[in-house]
Amino acid sequence: MDPVVQALTLTDIVVGVTVTALLLSLVIQAEKRTGTLNPDDLRPLEG
Amino acid sequence: MVEAVAEAVGAATTGVCAALLVRAGRGPLVYWFSGWHPRRGVALGISFAIDRLGAGMATMVAALVTAALVFSVRYFEEIEGHRFHILTLVFMGAMVGFALTGDLFNMFVWFELMSVAGYGLTGTEIEMPAPLQGALNFGILNSIGGFMILWGIGLVYARTGALNLAQIGNALAGRRPDGLVVMAFTLILAGLFVKASVVPFHFWLPDAHAVAPTPVCVLFSGVMVELALYGAARVYWTAFDGAMSPYAVGLSKVLVGFGALTALVGAVMCFAQQHLKRLLALSTVSHIGLFLVGVGVLNHVGLAGVAVYVVGHGLAKASLFMCAGIVLHRLGGIDEEQLRGLGRSIPAAGVMLALGGLALAEVPPFGTALGHTLIDDGAATAGFGWTPWLFGLVAAVTGGAVLRAAGRVFLGLGPREPARFASERLGEVTERETQEAEGRTPFVMLAPAAVLLAGALAVGVLPGLSGRVERAAAEFEDRTGYAERVLQGRTAPAPFVPVEPPSLGGLLSGLASGAGAAALAGFALFRTRLLPNRFRRRTSATLGRGLYLFRSLQSGHVGDYTAWLVVGLAALGGLFAMAFR
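Keep in mind it's a predicted model, so treat the numbers as computed, not measured. Note on numbering: residues in each chain are counted from 1, in written sequence order. Chain letters start at A and ligand numbers start at 1, both assigned in the order the entries are written. Side-chain atom pairs in this predicted model are given and counted only at pLDDT of 80 or more, local residue features only at pLDDT of at least 70, and totals for whole chains, interfaces and linings cover all residues. With hydrogens and water set aside, each side-chain value is computed from the structure's full complement of heavy atoms.

A.B. asks: Before we go on, may I ask you to explain the overall build of chain A in this structure?
C.D. replies: A tally of regular secondary structure across chain A gives 1 helix and 0 strands. Categorising residues by exposure relies on relative accessible area from a 1.4 Å probe, with only protein chains included: less than 20% of the type maximum marks a residue as buried, more than 50% marks it as exposed, and the intermediate range marks it as partly exposed. In chain A, which comprises 47 residues, the proportion classed as buried is 26%. On chain A, roughly 3100 Å² of surface is accessible, and the fraction owed to carbon and sulfur atoms is 65%. Only DSSP runs of H or I with at least four residues qualify as helices, and only runs of E with at least two residues qualify as strands; both kinds are numbered from the N terminus onward. Values of accessible area rely on a 1.4 Å probe in the Shrake-Rupley scheme; residue burial ignores everything except the protein chains shown.

A.B. asks: Which parts of the structure should I look at to understand empty space enclosed by the protein?
C.D. replies: Gaps left between atoms are located by rolling a probe of water-molecule size over the structure's atoms. Residues and elements named next belong to chain B. Cavity: a set of points on a 1 Å grid over the protein atoms alone where a 1.4 Å probe fits but cannot get out. Pocket: an open set with protein on both sides within 12 Å along at least five of seven lines, its lining residues, like those of a cavity, having an atom within 4 Å of a point. Grid points are joined across faces, edges and corners, and a volume is the space filled by probe spheres set on the points. Within this structure, the stated rule accounts for 6 cavities of 30 Å³ or more. In this model, the largest cavity occupies a volume close to 90 Å³. If you go around the largest cavity, the residues you meet are Phe185, Leu189, Phe193, Ala232, Ala233, Tyr236, Trp237, Leu251, Leu255, Leu292, Val295 and Leu298. Of all the secondary-structure elements, those providing two or more residues to the lining of the largest cavity are α7 (179-196), α9 (214-244), α10 (248-271) and α11 (276-296). A total of 4 residues in the lining of the largest cavity trace back to one element, the largest contributor, which is α9. Only Asp, Glu, Lys and Arg are considered charged, only Ala, Val, Leu, Ile, Met, Phe, Trp, Tyr, Cys and Pro nonpolar, and every remaining residue, Gly among them, polar. A breakdown of the residues in the lining of the largest cavity according to their chemical character gives 12 nonpolar, no polar and no charged.

A.B. asks: Explain the packing of α7 of chain B against helix α22 (residues 558-579) of chain B here, please?
C.D. replies: A packed helix pair is summarised by two numbers, namely the angle formed by the two axes and the spacing between the axes. All names here are of chain B. Packing of α7 against α22 brings their axes to within 10 Å, and their N-to-C directions diverge by 140 degrees. Between α7 and α22, the angle is such that the two are oblique. At the point where α7 passes α22, the crossing takes the right-handed sense. In this structure, α7 contributes Val182, Phe185, Thr186, Leu187, Leu189, Ala190, Phe193 and Val194 to the contact, and α22 contributes Leu565, Leu569, Leu572, Gly573, Phe576 and Ala577. Tallied by class, the residues present in the contact of α7 with α22 amount to 12 nonpolar, 2 polar and no charged. Fitted lines through C-alpha atoms give the axes, limited to the stretch in contact for helices. The angle between two N-to-C directions lies from 0 to 180 degrees. Geometric relationships in this document are graded by angle, where less than 35 degrees denotes roughly parallel, more than 145 denotes roughly antiparallel, 65 to 115 denotes roughly perpendicular, and other angles denote oblique. Should the near helix be turned anticlockwise from the far one by less than a right angle, the crossing is termed left-handed; should it be turned clockwise, right-handed. Pairs of residues are marked as contacts when any of their non-hydrogen atoms sit within 4.5 Å.

A.B. asks: For this particular structure, what's the right way to read the pattern of salt bridges?
C.D. replies: Two side chains of opposite charge can pair, provided their charged atoms sit close to one another. All names here are of chain B. Any carboxyl oxygen of Asp or Glu that lies within 4 Å of a side-chain nitrogen of Lys or Arg is treated as forming a salt bridge with it. With the rule as written, the count across this model stands at 6 salt bridges over all chains. The partner of Arg234 in a salt bridge is Asp51, and the shortest N-O contact between them spans 2.8 Å. Of this pair, Arg234 sits in helix α9 while Asp51 is found in the loop between β2 (47-50) and α2 (52-72), placing the two residues 183 residues apart along the sequence. Grouping residues by exposure puts Arg234 and Asp51 together as buried. A salt bridge links Arg404 to Glu336; the shortest N-O distance between them is 3.0 Å. Taken together, the residues span a long stretch of sequence, with Arg404 in helix α15 (residues 387-411) and Glu336 in the loop between α12 (300-331) and α13 (347-360) at a distance of 68 residues. Residue Glu336 is classed as buried on the basis of its relative accessible area of 0%. Because the salt bridges share partners, they merge into one network encompassing Glu336, Arg404 and Arg408.

A.B. asks: Is there a simple way to think about the interface of chain B and chain A in this case?
C.D. replies: Interfaces are frequently sized by the accessible area removed from exposure as the parts join. Counting residues at the interface gives 36 residues for chain B and 25 residues for chain A. Linking chain B with chain A are 0 salt bridges, by the criterion used here. Contributing elements (two or more residues each) for the side of chain B that touches chain A: α4 (104-122), α5 (129-160) and α8 (204-211) of chain B. Tallying contributions element by element places α5 of chain B first for the side of chain B that touches chain A, with 13 residues. A per-class count over the side of chain B that touches chain A returns 19 nonpolar, 11 polar and 6 charged.

A.B. asks: Quick question: what am I supposed to make of unusual backbone geometry here?
C.D. replies: Residue and element names in this part refer to chain B. For the peptide bond that leads from Val199 to Pro200, omega is -5 degrees, which places it in the cis range. Inspection of the secondary structure assignment puts Pro200 in the loop between α7 and α8. Here the amide bond leading from Pro364 into Pro365 is cis, since omega sits at 5 degrees, within 30 degrees of zero. Of note, Pro365 is situated in the loop between α13 and α14 (367-381). The phi angle at Glu362 is positive, at roughly 60 degrees, despite the residue not being glycine. The residue Glu362 is located in the loop between α13 and α14 in this model.

Quick look at the structure:
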């Protein structure tokens, strides 16, 4: 019975939620601004 | 009002971390959260284990954040809500926590918090498509890195049942590192290398720097990537050294190899850039390569050199980014070619840019020269006698790129560059980033740049610094002493370390690399007059085509970057497997 593993998992779920929420909000903004979600079509950063 | 509060918090944090640095001189400070002290060598609680190098990193973080906050007061057009200041303070907190912690999972939590704040800061100008994509590239790659670290931590925990770095070290010590330990080490290191922008995990860095506002770039290049390398060193020396020290020779070859590759790729790409912020970002990549070489030689002199170089480079790079920010603010552009000659109205920034370029070129008495000398001495002891050439070359190329940019922007020198190297596409972002300029550069923008540059100089001339840093590095590398202090609370006597003063030859070679940088810059600016026309046209056609192909690797496409990440992970893992056979 290891209490640490559940603490690790819960902590990581919280961390993962935060990161995922932020990345998803960026993705939604990208879709709104450029109308596409395909990385092949998003190319303003070449160079 | 908000700015004042944020700056006060930054200054207070700097003071606290400096106090920790002084206190840690008597031995590492250990604090157990909520009083969960270890019993019989088993640590359930989370600890902060603060030694001199950790406290030094934390002080550097807080100082640069304060400087960036001061710089940003007149820099931004308008900040909605107080988003920028909040994210910056969270970013600072996460980085300080990362530097001070003694627990592996806690390190991961700070890492993720640092990353999230970083993604938010990169996407400050979220209305434009380029920052959005830069933030996404940064976010996706670094999240994969974070996931790899978590995976490695899971493997370590499964093997050792411990998350405290000292306890993991004790559990792994003395046993031959088998496949699981090597995999865990690979994953943790690869994840940290993504954040540290080691080649081939580095592709996110130029994109993020090109689109992030200048105060954020100051922090990314000045402390964030160096902190990731610090994390790698910390994890190795506390947790894995007990098991891996018999294989140190092979391990150091792998690490030095990655470092050299990073340094060379970064330097070449840096010289081929016209976008000032990307140029500086790629010089950060190449310097990270140099730091990895210094860490990779796995001895205390090399590590001391890295510590000094990180401080000197961080201060100089921060100052350089602030100069680029002043250029952007006053002149409205960031492309070297577009700005040709316009810099004559802001001579102060030009002088600082040139001095910063000399600092990058490891010219004494900047701190970078001292750092480079110590790393070369450490590398020579470990059998890598060729590092002075690598350091000299990279210093000359990156310093030369900055000097060339300074010459073109502030003096109007140099021939017109072919359009394929231009960066106009990003012009739309940069105009909006900063507010309308008045006739004079604001004092709050010039002062931090000047103070930081002076700091980079001061690091190189402080008497007795190299001796103290070498002792601190030896303490950092002393796994058993660390474990005893953290788990038993006993301060072991400091390991006896013969302190070697930096060799004079190393310092003088800094003058050579400075001259090389000036020569390269001069060559780039005056090549139409120096070379015969036909020869120049033919070589520039082939060289230009080769450079263009190389630069097109930086495609902006997150799928390409991820593919390179996988290649890097496989290479790192494969090489480690061979080293630990």
